Amino acid sequence: MDVTTLLVGAAAGSLRMGSGDGGLHETVDGGATWTPVEDVDERVRCLVRDPAGNLYAGTDGGIFKITKGGTSWLPVRRGLPDDVRVGALAFDPRRPDTLYALTRSHGMFRTVDAGAHWTAAEAPSPWGAEYRDAYPLVLDPTTPETVLTSAGYGLWKTGMEGGAGPRRRGPAASPPR
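Criteria and cut-off values
Residues numbered from 1 in each chain as written. Predicted model: local features only at pLDDT ≥ 70, side-chain atom pairs only at ≥ 80, totals over all residues. Heavy atoms only, no water. Pairing = 2+ DSSP bridges. Helix = DSSP H or I, 4+ residues; strand = E, 2+ residues; numbered from the N terminus. Axes fitted to C-alpha atoms, helices over the stretch in contact; angles between N-to-C directions. pLDDT = per-residue confidence, 0-100. Contact = heavy atoms within 4.5 Å. Core = buried A, V, L, I, M, F, W, Y, C linked by side-chain atoms within 4.5 Å. Buried < 20%, exposed > 50% of the residue type's maximum accessible area, 1.4 Å probe, protein only. Polar contact = N/O pair within 3.5 Å; in protein donor to acceptor, adjacent residues only side chain to side chain.

1. A word on the sheet that holds strand β1 (residues 3–8)
The antiparallel open sheet is built from four strands, whose spatial order is β1-β2-β3-β4. The sheet is open, and its two borders are formed by β1 and β4 (35–37), each paired with just one other strand. Geometrically, the sheet is characterised by an average inter-axis angle of 30° between neighbouring strands, direction not taken into account. As defined by bridge partners, strand β2 (residues 15–19) adjoins strand β3 (residues 24–27) across four bridges and the pair is classed as antiparallel. When the bridges of β3 are listed, Arg 16 appears paired with Glu 26.

2. Section: the confidence of the model for the protein
The pLDDT averaged across the protein works out to 77; a share of 77% of its residues lies at or above 70. The model gives residues 171–177 a pLDDT under 50, and that stretch makes six contacts with residues more than four places away or in other chains.

3. Considerations on the environment of Val 48
In this fold, Val 48 is placed in strand β5 (residues 44–49). Distance in space between the C-alpha atoms of Val 48 and Thr 5 is 9.9 Å, their sequence separation being 43 residues. Apart from the residues within four sequence positions on either side, Val 48 is in contact with Leu 7, Asn 54, Leu 55, Tyr 56, Leu 89, Phe 91 and Leu 99.

4. Overview of the side chain of Thr 59
In this fold, Thr 59 is placed in strand β6 (residues 55–59). Leaving out residues up to four positions away in the same chain, Thr 59 has contacts with Val 40, Glu 42, Arg 43, Val 44, Arg 45, Phe 64, Val 84, Arg 85 and Val 86.

5. Things to note about unusual backbone geometry
Here the phi dihedral of Ala 114 falls at roughly 60°; this positive angle occurs in a residue that is not glycine. On the secondary structure map, Ala 114 appears in the loop between β11 (108–111) and β12 (119–121).

6. Here's the deal with the sheet that holds strand β7 (residues 62–66)
An order of β5-β6-β7-β8 is seen for the four strands of this open sheet, with the pairing classed as antiparallel. Bordering the open sheet on either side are β5 and β8 (74–75), each of which pairs with just one other strand. Where β7 meets β8, two bridges bridge the pair, whose relative direction is antiparallel. Each bridged residue has a counterpart across the sheet, and for Phe 64 the counterpart in β8 is Pro 75.

7. With respect to the nonpolar core
Counting 15 residues, the largest nonpolar core has Tyr 56, Ile 63, Val 86, Leu 89, Leu 99 and Trp 118 as the members making the most contacts within it. Of all the elements in the fold, those that place two or more residues in this core are β5, β9 (86–92) and β10 (95–103). Residue contributions to this core peak at three residues, all from β9. Sequence-distant contacts of Leu 99, defined by excluding residues within four places in its chain, comprise Val 48, Tyr 56, Leu 89, Ala 90, Phe 91, Phe 109, Arg 110, Thr 111 and Trp 118.

8. Side note on the environment of Tyr 56
With respect to the helices and strands, Tyr 56 occurs in strand β6. Non-local contacts of Tyr 56, meaning those with residues more than four positions away in its chain, are made with Cys 46, Leu 47, Val 48, Asp 50, Ile 63, Phe 64, Lys 65, Trp 73, Leu 89, Phe 91, Leu 99 and Ala 114. There is a polar contact of 3.3 Å between the side chain of Tyr 56 and the side chain of Lys 65.

Put into structure tokens, the structure is as follows:
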């Protein structure tokens, strides 16, 4: 199995695992046994849980959501391009309905209504919409308008509310040729 992402559960010993074949598995005993959860039929690249307990999966086919206690993944992609591939997701720690999605080919998007509608957002990368290996996506907990990612051989930072644009942070490095 091609494990692509992990999410620690709320209960002790609980963990969810996404895979490259679209499978999602769960353990409640610290990994001794794994149970398949409903497939999302796409490569699962990232998993996040909102404060209400709903799960979101970023996949090669967009974003899917399963409500707490639910059994079916529902697509939440209104406003996203049809061919979107999501590589990273992050919640605003002060606004639980605000979620950011870093895509692998169309830049970054934001929803302020728990995934019902998405709009383009300023992305923290000098390469524009190209995010082949941009992981993870992190919002500063004290100033959530500040977004960080490790896109393109460096740590990049930007302000979401009309900030100064992407700026490199961390060790100097060059992108591959």
